[in-house]
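# Descriptive analysis of the structure
Here are the chains, one letter per residue:
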Amino acid sequence: MESNVAYRTLLIRRRVEEIPPEQLRRFVEVQEAFRRWATEWYLSRFKAPMPDRNPLKYFAKELKYNLRLIPTNGLKSEWRVPLPFDAQLRLSNEKDLGQGVFVDLPKSEVRIRKWSGTRGRTIAVELREAEARWILERVREGGRLKFAYAWVGRTRRLNIVTFNVALTFAREVTPIVPRRVLAIDLNALHNGISIATIEGERVLQKGVLRPDLRAIEKLQKEIPRLDKLCAEKGEPYCKQMSAAKSRLYRLLRQFEDEAARKIVWLALQYKAVVVVEAPEDKSMKKIKEGRYNPRRKALLNIGRLRRRIERLAEWYGVPYRETRLYSTICPRCGAKMEELPNRRVRCPKCGFEAMRDEVPLLWAAKRFSELLQPSSFSNLAPSSPLRSQSI
């Protein structure tokens with residue numbers, strides 16, 4: 001297979017209170033002005049005139065350079081595009097080339113420049129230990145800092161406004177030629193993620209990955225209690241509630257990251273294509289809107305895990321595909337199976353019986369030769385680096 005360019009992006013997120021107020025105000029003004037121009041430019045099919053003064057002139061040039069790598073998300077009105085920057089990484093004592101974003105590892109600092117059109121207006125963000133370690137790991141893997149983005153926005157889960165910097169690393173990678181299939185059945189997280197390595201029609205190894213359900217359930221019980229106290233008595237219960245929500249979010253995200261890493265490393269070890277069976281978004285939405293256990297609804301958000309596996313597989317050259325692997329169709333005779341208690345299923349026609357989560361893995365073994373065909377792999381073309389964020 002030919003080599004491809006793969007991307008990984010480090011997302012550095014800080015509360016807006018950590019940014020000097022005057023710099024934050026001016027940054028937001030520039031961001032909104034650039035978004036208005038970018039929206040007009042995109043909707044005009046790139047016929048709107050380019051800005052003739054910095055900083056918008058600088059950002060417009062960088063946007064044209066990175067246009068195919070920035071998602072528009074079905075743009076109809078406003079394009080909430082981040083501010084794009086050229087970027088440089090200093091590992092030891094390399095000369096500062098004056099790029100818009102300067103990552104100074106020896107000083108554990110990221111400097112955001114060129115955003116105001118005025119010299120000297122630099123926003124400095126201190127790198128945390130985990131972020132610096134992540135950067136060094138990507139460099140050791142052959143990655144190089146390609147470009148950067150910065151924006152101010154509201155987070156979806158925690159509903160707080162943050163200052164964000166995304167550092168995108170790129171490297172050339174030659175996809176492995178798979179000899180086996182690593183089948184993944186993505187379920188609601190409380191049911192576990194079933195995995196199996198398949199060669200021919202033999203299952204070489206299988207297992208189930210689960211988050212720490214006890215810790216999750218404890219936080220899910222604690223959050224409503226603190227929410228009630230926050231409404232009745234105010235502080236300090238409101239802060240405690242926010243902290244509990246943050247811990248729950250981190251716990252789920254930590255599991256997703258660890259599960260994705262384990263899956264991709266297994267694929268590398270066995271030289272396997274990762275084949276994912278995941279519920280359709282429409283069916284998951286229907287379940288969430290129904291009378292499903294409210295505490296279990298948070299465990300239905302498997303979309304990020306699926307994207308995490310795909311992007312990580314792309315970075316390490318592991319072929320990836322998503323396909324339908326049946327869980328209620330008999331892998332022996334093709335008949336519709338009956339559901340039994342405790343997530344078991346049984347075929348009324350031939351008598352086959354198994355755990356429901358194991359049936360898709362058996363279908364993967366049945367379709368082994370088909371799943372190994374390169375034409376079906378979905379991660380051989382470059383993807384948007386902003387969809388491959390980490391940390």
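Presented here is a report on the structure given in the accompanying data block. (Residues numbered from 1 in each chain as written. Predicted model: local features only at pLDDT ≥ 70, side-chain atom pairs only at ≥ 80, totals over all residues. Heavy atoms only, no water.)

Here the focus is the state of the cysteines. Throughout the structure, instances matching the rule amount to one disulfide. Two residues, Cys230 and Cys238, share a disulfide whose sulfurs are 2.0 Å apart. Its torsion about the S-S bond being 90°, the disulfide of Cys230 and Cys238 is classed as right-handed. Assigned by exposure class, Cys230 and Cys238 land together as buried. Cys330 takes part in no disulfide bond, and the closest cysteine sulfur to it belongs to Cys350, at a distance of 3.6 Å. The structure places no disulfide on Cys347, whose sulfur is separated from the nearest cysteine sulfur, that of Cys333, by 3.5 Å. (Disulfide = S-S within 2.5 Å. Buried < 20%, exposed > 50% of the residue type's maximum accessible area, 1.4 Å probe, protein only.)

As a further point, take the side chain of Arg111. Within the secondary structure layout, Arg111 lies in strand β5 (residues 109–112). A relative accessible area of 14% places Arg111 in the buried class. For Arg111, the side chain forms a polar contact with the side chain of Asp104, separated by 2.7 Å. Among the polar contacts listed, one links the side chain of Arg111 to the side chain of Glu109, at a separation of 2.7 Å. Setting aside residues no more than four positions away along its own chain, Arg111 makes contact with Asp96, Gly100, Val101, Phe102, Asp104, Thr122 and Ile123. (Helix = DSSP H or I, 4+ residues; strand = E, 2+ residues; numbered from the N terminus. Polar contact = N/O pair within 3.5 Å; in protein donor to acceptor, adjacent residues only side chain to side chain. Contact = heavy atoms within 4.5 Å.)

What the four strands build is an open sheet, ordered β3-β4-β5-β6; its pairing is mixed. The open sheet has two edge strands with one neighbour each: β3 (87–90) and β6 (123–126). Averaged over all pairs of adjacent strands, the angle between their axes in this sheet comes to 15°, without regard to strand direction. Where strand β4 (residues 101–104) meets β5, four bridges bridge the pair, whose relative direction is antiparallel. Counterpart to Asp104 in the pairing with β5 is Glu109. (Pairing = 2+ DSSP bridges. Axes fitted to C-alpha atoms, helices over the stretch in contact; angles between N-to-C directions.)

All right, on to the pattern of salt bridges then. Scanning the entire structure with this criterion turns up 30 salt bridges. The partner of Arg202 in a salt bridge is Glu199, and the shortest N-O contact between them spans 3.2 Å. On the basis of relative accessible area, Arg202 is assigned to the exposed category, the value being 52%. Sharing partners across several salt bridges, the network here consists of Glu22, Arg25, Arg26 and Glu29. (Salt bridge = Lys/Arg side-chain N within 4 Å of Asp/Glu carboxyl O.)

It is worth spelling out helix α1 (residues 21–43) at this point. With 23 residues, α1 should reach 33 Å at 1.5 Å per residue; the first-to-last C-alpha distance of 33 Å fits that figure. The inward-facing, buried residues of α1 abut α2 (56–66), β2 (83–85), β6, β7 (144–154) and β8 (161–173). Following α1 by one or two positions, Arg45 adopts a phi angle in the positive range, close to 60°. (Expected span 1.5 Å × (residues − 1).)

Turning to the nonpolar core, a few remarks are in order. Counting 88 residues, the largest nonpolar core has Phe85, Ile112, Ile135, Leu167, Ile193 and Val274 as its most contacted members. With 11 residues, the single largest contributor to this core is helix α5 (residues 237–270). Other than its neighbours up to four places away in sequence, Ile193 contacts Ile184, Asp185, Leu186, Gly207, Val208, Leu209, Phe255, Ala259 and Leu305. Residues Ala183, Val359, Trp363 and Leu372 belong to the second largest nonpolar core, which totals 22 residues. (Core = buried A, V, L, I, M, F, W, Y, C linked by side-chain atoms within 4.5 Å.)

Distances and angles like these do not, on their own, reveal function.
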